[in-house]
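# Observations on chain architecture
The lines below spell out each chain.
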Amino acid sequence: MVSRLVRLNVLLMLLALLGSWVFSGMCSVSYDRNAIIVNGQRRILVSGSIHYPRSTPEMWPDLIQKAKEGGVDVIQTYVFWNGHEPEQGKYYFEERYDLVKFIKIVHQAGLYVHLRVGPYACAEWNFGGFPVWLKYVPGISFRTDNEPFKSAMQKFTTKIVNMMKAERLYESQGGPIILSQIENEYGPIEKRLGEPGKSYSDWAAKMALDLGTGVPWVMCKQDDAPDPVINTCNGFYCDYFSPNKAYKPKIWTEAWTAWFTEFGGPIPYRPVEDLAFGVAKFIQNGGSFINYYMYHGGTNFGRTAGGPFIATSYDYDAPLDEFGLLRQPKWGHLKDLHRAIKLCEPALVSGDPTVTSLGNFQEVRFVAIPEQST
């Protein structure tokens, strides 16, 4: 009887270990030159920016569901430091700033998350997302090799990452977050600052990596992003872009659906045919992750609008308009494009195509689809 119980306990322990091994093996994010690899599978990922403070919690489920129906796999958002720490050391994560709730709704919808921690966001947001109290920290100089700034930035970034870990929201924990971003469009600033800028960007990358999220980090518009951080492209077109190392995937973090609205200026508009052409050309040239900035722009509530003459509307001529309604034909046209891309996904992520020219501005790209194991 005792020996049978011992054997049963050993068997249960082995099953538990096996289950743990399978679970940890299934929940992983990595990358190679062809694509982001989620749970062992290369993916063509379509992402859309929806900023949680630019809508209301009541709107979030509908916005996310409409994005999913439009062929979106990932929801991308910044983290807004001044909304979460309006006074130094006093944090706020409620109502429109309930970041955890927003991410959990995305997860419930079966979508992934790209969390752009920053914590500098720009985003046409007041003070670029920096809290006003930060300006009055003695000896501070923003976004450079400055100890008071780095200390404050590291403290907030660590708080956000630890909050995500505590809620088990990283894909490595079974959650939806598959990518994170540190800093934001820092490359041009670094060039202007020289060595202090370079030291700061290297520090920021190392600081982020040391937080151990279990998912890759990216730095947008940062050509010298240190390994293993992935440098990415922002712009109206990114088919020309190549990452700084051959083994990194080609990621478009901001495909601008149009532009922000300024008081006294024209209402921004980008034809969907032009946007779709840019996306298709990016994918054709080896791109594997594309994010629409914005997919739903929403509203700059209160005094959150940043920069001179930025309007309260952040509509951005996005596929979902300021009020969360479908903008046609943009939403539907892009949905059809996403369906076509997904049909070609196995070939697109399998390797380099054979290119045959058909004359001026015409070519055929051929990729053999690998045989599927049974």
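The coordinates are above.
Residues numbered from 1 in each chain as written. Predicted model: local features only at pLDDT ≥ 70, side-chain atom pairs only at ≥ 80, totals over all residues. Heavy atoms only, no water.

## Considerations on a nonpolar patch on the surface
- Residues Phe 236, Tyr 237, Tyr 240, Trp 259 and Phe 277 make up a contiguous nonpolar surface patch of about 540 Å² in total accessible area.
- With respect to the helices and strands, Phe 277 occurs in helix H8 (residues 272-284). (Patch = residues over 30% accessible without salt bridge, like charges linked within 9 Å, V, L, I, M, F, W, Y side chains within 5 Å. Areas by Shrake-Rupley, 256 points an atom, 1.4 Å probe, with all protein chains shown as cover. Salt bridge = Lys/Arg side-chain N within 4 Å of Asp/Glu carboxyl O. Helix = DSSP H or I, 4+ residues; strand = E, 2+ residues; numbered from the N terminus.)

## Notes on the environment of Phe 282
- Tracing the backbone shows Phe 282 in helix H8.
- Phe 282 sits in the buried class, given a relative accessible area of 0%.
- When sequence neighbours within four positions are dropped, the list of residues in contact with Phe 282 reads Cys 238, Asp 239, Lys 250, Ile 251, Trp 252, Gly 287, Ser 288, Phe 289 and Ile 290. (Buried < 20%, exposed > 50% of the residue type's maximum accessible area, 1.4 Å probe, protein only. Contact = heavy atoms within 4.5 Å.)

## Some thoughts on the nonpolar core
- Leu 115 and Met 164 are the most contacted members of the largest nonpolar core, which totals 103 residues.
- The greatest single-element share of this core, amounting to eight residues, is contributed by helix H5 (residues 147-166).
- The residues touching Leu 115, leaving out its near neighbours within four places in the chain, are Thr 77, Val 79, Leu 99, Ile 103, Ile 160, Met 164, Ile 177, Leu 179, Ser 180 and Gln 181. (Core = buried A, V, L, I, M, F, W, Y, C linked by side-chain atoms within 4.5 Å.)

## Considerations on the layout of surface pockets
- The volume enclosed by the largest pocket comes to roughly 670 Å³.
- Contributing to the lining of the largest pocket are 31 residues, with Ile 283, Gln 284, Asn 285, Gly 286 and Leu 348 lying nearest its centre.
- Of all the elements in the fold, those that place two or more residues in the lining of the largest pocket are H8, strand S11 (287-296), helix H9 (330-343), helix H10 (345-348) and strand S13 (362-366).
- Sort the elements by how many residues they give to the lining of the largest pocket and H9 lands first, with four residues.
- Broken down by class, the residue content of the lining of the largest pocket amounts to 18 nonpolar, eight polar and five charged. (1 Å grid on protein atoms, 1.4 Å probe; cavity = no way out; pocket = protein on both sides within 12 Å on 5 of 7 lines; lining within 4 Å. Points joined across faces, edges and corners; volume = space filled by probe spheres on them. Nonpolar A, V, L, I, M, F, W, Y, C, P; charged D, E, K, R; others polar.)

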